[in-house]
Amino acid sequence: CAIAGVYGNHEAANLVYLCLYALQHRGQQGTGIAAYDGEHINSEKREGLVADVYTKKRLKKLHGKIAIGHNRYPTDGVFSTRNLQPIIAELPIGDCALAYNGNLINAFKIRRQLIQDGVIFSTGTDSETIMHLLAKRLKNEDFITALSNVMTQITGSYSMVFMADNKLIAMRDPHGVRPLAMGMMKDGYVFVSETVALDLIDAHFVREVEPGEMVVVDASGVKSYFPNGKVENPAPCVFEHVYFARPDSFMFGQSVYEVRKGFGKMLAKECPVDADIVIPVPDSGITATIGYSEESKIPFELGIIRNHYVGRTFIEPSQNIRDFGVRVKLNPVRNLIKGKKIVVVDDSIVRGTTSKKIVKLLRDAGAKEIHMRISAPPTSYPCYYGIDTPTKKELISNTHTEDEIRRFIGADTLGYISLEGMKKVLIDNNFCFACFTGQYPINPADLIED
Ligand code: 5GP
Ligand code: SF4
Ligand code: MG
């Protein structure tokens, strides 16, 4: 998902809208904005894309100098408009709103407990669980104490923005799995999932919210808290660098573009091959392909063209729609492909269906040899922290050997960057690599059913 929050600007809701526009790639299912006029919260939440949901009229009713927003990316295949965010609630401190990116590991346990205590849930979101935890604590604790204590009760991945009591609060889980950046404008502060959103509204990047940090912005300025103490072992999601984030973002201390290109160079070093051209699977493979080409001296070509009016295929929760999507979306440039030895670079193989279709497209277009290169190690384990990877059984690397995968997708050769190679490109190795290694930085036991 994408989150954004603006404090201290008369155009708060309009700025959040622009941020959500820049962050559309992080979720396309639905979007929402809530604005706080000092007393009440007005909101707009609907299914669909940012460009379609917000009209001038709808934005106009979102007055106030504080606003937060959310783009929803489905991680559970379930969709209901009830689950759109921000979640809004009336608490003893007044109207509150919360926008959330991540996945709580112990949400189910907490939820069951709360329901037994008589709490009524009206959505299936982790945000609502957090709201109820906060509401309970507000009986005896002041707002900031209550919120920081909630941060010690929940485990999992979360980056969130919270708005209440004339404050904007940004929080990141102690492992810092999901990103969250802080920016500044002439009038006020802004928090966003990725720095691309800051570029769009001309805010300057101040810093990332640190793992485990809670930043409170109000009329008295900016305060920082670490409710769980200082963090020893952060584990930001390496998949943000591989695939999820926009390459023009700066994240976890590095430029996403440079990291992705570095992965491509490393891939060329580790898995060289003699070929006429190297082409990306658009768009996700482009940046790594530039690196592969630069390192290998094999010319870069755009051998497959993407129809930009088709959404990101992986986002569709049903297998039938996804398969259809790949065919609608990509088409080879025949004259470029015919008779050539081709390296094709993509960022990841998940189910293997995309690669299989790409190889078939290229064979049908007359390619002589097809060498598939992947700028991430085999994705063998599911993600429990908010990226929609399928179950273990559906991950082709979990059930097949590398050579079986090569045969399944129909390539002449197949090569992946190694985990060690990937680590050399990153400034430090304090990352979550669990979808490649199965070593989960936050114990997902509560979530695994079998
Ligand atoms: P596959 O067909 O192997 O299941 O999917 C691999 C393709 O899905 C890659 O081209 C990758 O760019 C794309 N993809 C889209 N969304 C996601 C996502 O959320 N996670 C992963 N791992 N890959 C995704
Ligand atoms: Fe990211 Fe993979 Fe870790 Fe999930 S398991 S947080 S996708 S690195
Ligand atoms: Mg792709």
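Reading the values: rules and limits
Residues numbered from 1 in each chain as written. Chains lettered and ligands numbered in written order. Predicted model: local features only at pLDDT ≥ 70, side-chain atom pairs only at ≥ 80, totals over all residues. Heavy atoms only, no water. Core = buried A, V, L, I, M, F, W, Y, C linked by side-chain atoms within 4.5 Å. Buried < 20%, exposed > 50% of the residue type's maximum accessible area, 1.4 Å probe, protein only. Helix = DSSP H or I, 4+ residues; strand = E, 2+ residues; numbered from the N terminus. Domains from an automatic or database assignment. Axes fitted to C-alpha atoms, helices over the stretch in contact; angles between N-to-C directions. Parallel < 35°, antiparallel > 145°, perpendicular 65-115°, else oblique. Left-handed = near helix turned anticlockwise from the far one by under 90°. Contact = heavy atoms within 4.5 Å. Nonpolar A, V, L, I, M, F, W, Y, C, P; charged D, E, K, R; others polar. Pairing = 2+ DSSP bridges. Buried area = accessible area lost by both parts, 1.4 Å probe. Polar contact = N/O pair within 3.5 Å; in protein donor to acceptor, adjacent residues only side chain to side chain. Near = heavy atom within 4 Å. Areas by Shrake-Rupley, 256 points an atom, 1.4 Å probe, with all protein chains shown as cover. Phe/Tyr/Trp six-rings, centres within 6.5 Å; stacked < 30°, edge-to-face > 60°. Lys NZ or Arg CZ within 6 Å of the ring centre and 35° of its normal. Salt bridge = Lys/Arg side-chain N within 4 Å of Asp/Glu carboxyl O. Expected span 1.5 Å × (residues − 1).

Topic: the nonpolar core
Turning to step 1, where the next piece is worked out: Core analysis: the largest hydrophobic core is formed by 45 residues, its most contacted members being Phe263, Tyr292, Tyr385, Met422, Leu426, Phe433 and Phe436.
Turning to step 2, where the next piece is worked out: Only α8 (238-244), α9 (256-270), α10 (286-296), β19 (341-346), α16 (419-425) and α17 (434-437) provide two or more residues apiece to this core.
Turning to step 3, where the next piece is worked out: Residue-level mapping places this core at the junction of two domains, with at least three residues from each of domain 1 (2-234) and domain 2 (258-447).
Turning to step 4, where the next piece is worked out: The next biggest cluster of nonpolar side chains, apart from the first, holds 32 residues, and it includes Leu104, Ile130, Leu147 and Ala164.

Brief notes about the packing of helix α4 (residues 107-116) against helix α5 (residues 126-137)
Turning to step 1, where the next piece is worked out: The contact between α4 and α5 brings their axes to 10 Å, and the two run at 50°. Taken as axis vectors, α4 and α5 run oblique relative to one another. Along this stretch, α4 crosses α5, giving a crossing that reads as left-handed. Of the residues in α5, those in contact with Ala107, Ile110, Arg111 and Leu114 of α4 are Asp126, Thr129, His132, Leu133 and Lys136.
Turning to step 2, where the next piece is worked out: The class makeup of the residues in the contact of α4 with α5 is 4 nonpolar, 2 polar and 3 charged.

Looking at helix α1 (residues 12-22)
Turning to step 1, where the next piece is worked out: α1 sits mainly inside the fold: 8 of its 11 residues count as buried.
Turning to step 2, where the next piece is worked out: By the burial criterion, the buried members of α1 are Ala12, Ala13, Leu15, Val16, Tyr17, Cys19, Leu20 and Ala22.

Some thoughts on the pairing of strand β7 (residues 156-164)
Turning to step 1, where the next piece is worked out: Of all 9 residues in β7, 9 are buried, a share of seventy percent or more.
Turning to step 2, where the next piece is worked out: Summarising the sheet, β7 and strand β8 (residues 167-172) pair through 6 bridges and their orientation is antiparallel. Of the residues in β8, the one forming a bridge with Ser159 is Arg172.
Turning to step 3, where the next piece is worked out: The antiparallel hairpin formed by β7 and β8 contains 2 residues in its connecting segment, where Asp165 sits at a positive phi of about 55°.

Focus on the domain arrangement of the chain
Turning to step 1, where the next piece is worked out: Domain assignment breaks the chain into domain 1 (2-234) and domain 2 (258-447).
Turning to step 2, where the next piece is worked out: In this structure, domain 1 and domain 2 have C-alpha centres spaced 32 Å apart.
Turning to step 3, where the next piece is worked out: The interface is formed by 18 residues belonging to domain 1 together with 17 residues belonging to domain 2.
Turning to step 4, where the next piece is worked out: Summed over both sides, the interface of domain 1 with domain 2 buries roughly 1,600 Å², with 60% coming from carbon and sulfur.
Turning to step 5, where the next piece is worked out: Three residues stand out in domain 1 for area buried against domain 2, namely Tyr73, Ile105 and Arg178, and they jointly supply 33% of the buried area on that side.
Turning to step 6, where the next piece is worked out: Connecting domain 1 to domain 2 are 4 residue pairs in polar contact (both at pLDDT 80 or more).

Side note on the site of ligand 2
Turning to step 1, where the next piece is worked out: Around ligand 2 sit Val177, Arg178, Cys237, Val238, Phe239, Cys383, Tyr385, Ile387, Cys432, Ala434 and Cys435, and that is every residue in its neighbourhood.
Turning to step 2, where the next piece is worked out: Listed by contribution, the elements that provide at least two residues to the shell around ligand 2 are α8 and α17.
Turning to step 3, where the next piece is worked out: Per-class residue counts for the shell around ligand 2 are 10 nonpolar, no polar and 1 charged.

Focus on the site of ligand 1
Turning to step 1, where the next piece is worked out: As a structural note, the neighbourhood of ligand 1 is formed by 15 residues, with Tyr243, Asp346, Asp347, Arg351 and Thr354 the closest of them.
Turning to step 2, where the next piece is worked out: A distance of 2.9 Å separates an oxygen atom of ligand 1 from a polar atom in the side chain of Ser284.
Turning to step 3, where the next piece is worked out: Between ligand 1 and Asp347, the relevant distance is 2.5 Å, taken from an oxygen atom to a side-chain nitrogen or oxygen of the residue.
Turning to step 4, where the next piece is worked out: About the coverage of ligand 1: the protein hides 96% of its 520 Å² of free accessible area.
Turning to step 5, where the next piece is worked out: A breakdown of the residues in the shell around ligand 1 according to their chemical character gives 7 nonpolar, 5 polar and 3 charged.

Remarks on the packing of aromatic side chains
Turning to step 1, where the next piece is worked out: Going through the model one piece at a time under the given rule, you end up with 12 aromatic pairs.
Turning to step 2, where the next piece is worked out: Consider the rings of Phe239 and Phe436, whose centres lie 6.1 Å apart with planes at 35°: the pair is tilted. Highlighted residues: Phe239 in helix α8 and Phe436 in helix α17, separated in sequence by 197 residues.
Turning to step 3, where the next piece is worked out: Members of the aromatic cluster, each reached through a chain of ring pairs, are Tyr73, Phe239, Tyr243, Phe244 and Phe436.
Turning to step 4, where the next piece is worked out: In this structure, Arg111 packs its charged tip against the face of Phe121, placed 4.2 Å from the ring centre.

Looking at the pattern of salt bridges
Turning to step 1, where the next piece is worked out: Within this structure, the stated rule accounts for 22 salt bridges.
Turning to step 2, where the next piece is worked out: With a closest N to O distance of 2.7 Å, Arg246 and Asp248 form a salt bridge.
Turning to step 3, where the next piece is worked out: Exposure remark for Arg246: the relative accessible area of 30% places this residue in the partly exposed category.
Turning to step 4, where the next piece is worked out: The shortest N-O distance in the salt bridge between Arg351 and Glu394 comes to 3.9 Å. Of this pair, Arg351 sits in the loop between β19 and α13 (353-364) while Glu394 sits in the loop between β20 (369-374) and α14 (396-399), and the two are 43 residues apart along the sequence.
Turning to step 5, where the next piece is worked out: Note on Arg351: relative accessible area 16%, which makes it buried.
Turning to step 6, where the next piece is worked out: Here the salt bridges share partners, and the residues they tie into one network are Arg26, Arg178, Glu194 and Glu240.

Quick notes on α13
Turning to step 1, where the next piece is worked out: End to end, α13 covers 17 Å across 12 residues, agreeing with the expected 16 Å (1.5 Å per residue, within 8%).
Turning to step 2, where the next piece is worked out: Considered for burial, the residues of α13 that qualify are Thr353, Ser355, Ile358, Val359 and Leu362.
Turning to step 3, where the next piece is worked out: Trailing α13 by a residue or two, Gly366 shows a phi angle of about 95°, which is positive.

Looking at the sheet that holds strand β21 (residues 413-416)
Turning to step 1, where the next piece is worked out: Taking strand neighbours across the sheet as the criterion, the 4 strands line up as β16-β19-β20-β21 in an open arrangement whose pairing is parallel. At either end of the open sheet lies a strand with only one pairing partner, and these are β16 (277-280) and β21. Sheet twist, expressed as the mean angle between neighbouring strand axes with direction ignored, is 20°.
Turning to step 2, where the next piece is worked out: Sheet topology note: the β20/β21 ladder contains 4 bridges and is parallel. From the neighbouring strand, Ile374 faces β21, where its bridge partner is Tyr416.
Turning to step 3, where the next piece is worked out: Together, β19, β20 and β21 form the strand contacts of α9, whose direction differs from that of β21 by roughly 130°.
Turning to step 4, where the next piece is worked out: Along the sheet face, α13 touches β16, β19 and β20 and points at about 155° away from the line of β20.

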